[in-house]
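The residues making up each chain are set out below.
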Amino acid sequence: ETGVTQSPTHLIKTRGQQVTLRCSSQSGHNTVSWYQQALGQGPQFIFQYYREEENGRGNFPPRFSGLQFPNYSSELNVNALELDDSALYLCASSYRVSSYNEQFFGPGTRLTVL
Amino acid sequence: EDKVVQSPLSLVVHEGDTVTLNCSYEVTNFRSLLWYKQEKKAPTFLFMLTSSGIEKKSGRLSSILDKKELFSILNITATQTGDSAIYLCAVVSFTSGTYKYIFGTGTRLKVLA
């Protein structure tokens, strides 16, 4: 059983650019959630995907968008990057959309916006 | 607005000490409370609590939830240097047909040898 993987590990972009982060969910999991974790803060919920549809969203602007594919892997896209977007981006997968299912986190992508 | 508050923000103890970490919350449509340990990047799951007064235990770690007073505590007994980490509390809410996970800022624990 493979765990949650994310790519790339690190990324440096400049303001105004666009970025795509990728996440492969744990085998057997069909739900993926994305989080932004700024330094010294707890993870902030961006959105969740279940069966290829967005199933919940936190307080993030529309320039944060995502996709989930038939194999349940997922992408997070951020357009028009701002300096404050610099953070660790975590994805987490679970078996199905339910509070009674444990989420398993990937190692994260560290994004730096200059 | 939903919020989760953890205290203390940081804590330094010596090996063998017992620590208690606190998590209070104000969340509509509460479903469950989760504790995670974050050492480097990926938070790792510790406990999920859904019912008041039932203690969850794993080795030296234990946790309990009080849904009336809206808080949870995480206890670590006989601390070891390997317990040094950030401990995150998250509350799951269910609103408008979707689940959301609201995290606190975490408690940074450092255990000295």
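Bear in mind that the values here come from a model prediction, so they are computed numbers and not experimental data. (Residues numbered from 1 in each chain as written. Chains lettered and ligands numbered in written order. Predicted model: local features only at pLDDT ≥ 70, side-chain atom pairs only at ≥ 80, totals over all residues. Heavy atoms only, no water.)

### Things to note about the overall build of chain B
Summing up its helical and strand segments, chain B has zero helices and eleven strands in all. For 113 residues, the compact-globule estimate of 2.2 N^0.38 gives 13 Å, and chain B sits close to it at 14 Å. The C-alpha extent of chain B, read off along each of the three principal axes, is 50 × 30 × 20 Å. Evaluated residue by residue, chain B yields a buried proportion of 44% over its 113 residues. Placing the 13 positive and 10 negative side-chain charges of chain B at their respective mean positions leaves the two points 6 Å apart. (Helix = DSSP H or I, 4+ residues; strand = E, 2+ residues; numbered from the N terminus. Rg over C-alpha atoms; globule rule 2.2 N^0.38 Å. Buried < 20%, exposed > 50% of the residue type's maximum accessible area, 1.4 Å probe, protein only. Lys, Arg positive; Asp, Glu negative; His and termini not counted. Charge placed at Lys NZ, Arg CZ, Asp CG, Glu CD.)

### Quick look at the nonpolar core
All names here are of chain B. Core analysis: the largest hydrophobic core is formed by 23 residues, its most contacted members being V4, Y25, L33, W35, Y87, V91 and L109. For this core, the secondary structure elements donating two or more residues are β3 (19-26), β4 (30-38), β5 (44-49), β7 (61-66), β8 (71-76), β9 (85-95) and β11 (107-112). Residue contacts for L109: discarding those within four places in its chain leaves L11, V13, V19, I76, D83, S84, A85 and Y87. (Core = buried A, V, L, I, M, F, W, Y, C linked by side-chain atoms within 4.5 Å. Contact = heavy atoms within 4.5 Å.)

### Some points on unusual backbone geometry
Here S7(A) and P8(A) are connected by a cis peptide whose omega angle stands at -10°. Along the chain, P8(A) falls in the loop between β1 (5-7) and β2 (10-13). Cis geometry marks the peptide bond from S7(B) to P8(B), where omega comes out at -10°. With a phi close to 45°, A80(A) is a non-glycine residue in the positive phi region. Residue position: A80(A) is located in the loop between β8 (74-78) and β9 (87-94). One non-glycine residue, L70(B), lies in the positive phi region at around 60°.

### As for the confidence of the model for chain B
Per-chain confidence: chain B averages 93 in pLDDT, with 100% of residues scoring 70 or above. Summarising per-element confidence for chain B, the mean pLDDT is lowest in strand β10 (residues 98-103) of chain B (85) and highest in β3(B) (98). (pLDDT = per-residue confidence, 0-100.)

### A short note on the pattern of salt bridges
Pairing between side chains becomes possible if they bear opposite charge and their charged atoms approach one another. All names here are of chain A. For the structure shown, the criterion picks out six salt bridges over all chains. For E54, the salt bridge goes to R57, with nearest N and O atoms at 3.2 Å. R63 is paired through a salt bridge with E82; the nearest N and O atoms lie 3.3 Å apart. Within this pair, whereas R63 is found in the loop between β6 (53-57) and β7 (64-68), its partner E82 is found in the loop between β8 and β9, the two being separated by 19 residues in sequence. Note on E82: relative accessible area 39%, which makes it partly exposed. One connected set of salt bridges, linked through shared partners, spans R63, E82 and D85. (Salt bridge = Lys/Arg side-chain N within 4 Å of Asp/Glu carboxyl O.)

### Side note on the packing of aromatic side chains
All names here are of chain A. On inspection of all chains with the given rule, the structure shows ten aromatic pairs over all chains. Consider the rings of Y35 and F105, whose centres lie 5.6 Å apart with planes at 45°: the pair is tilted. Linking Y35 in strand β4 (residues 31-37) with F105 in strand β10 (residues 104-105), this pair joins segments that are 70 residues apart in sequence. This pair shows no difference in class: Y35 is buried, exactly as F105 is. (Phe/Tyr/Trp six-rings, centres within 6.5 Å; stacked < 30°, edge-to-face > 60°.)

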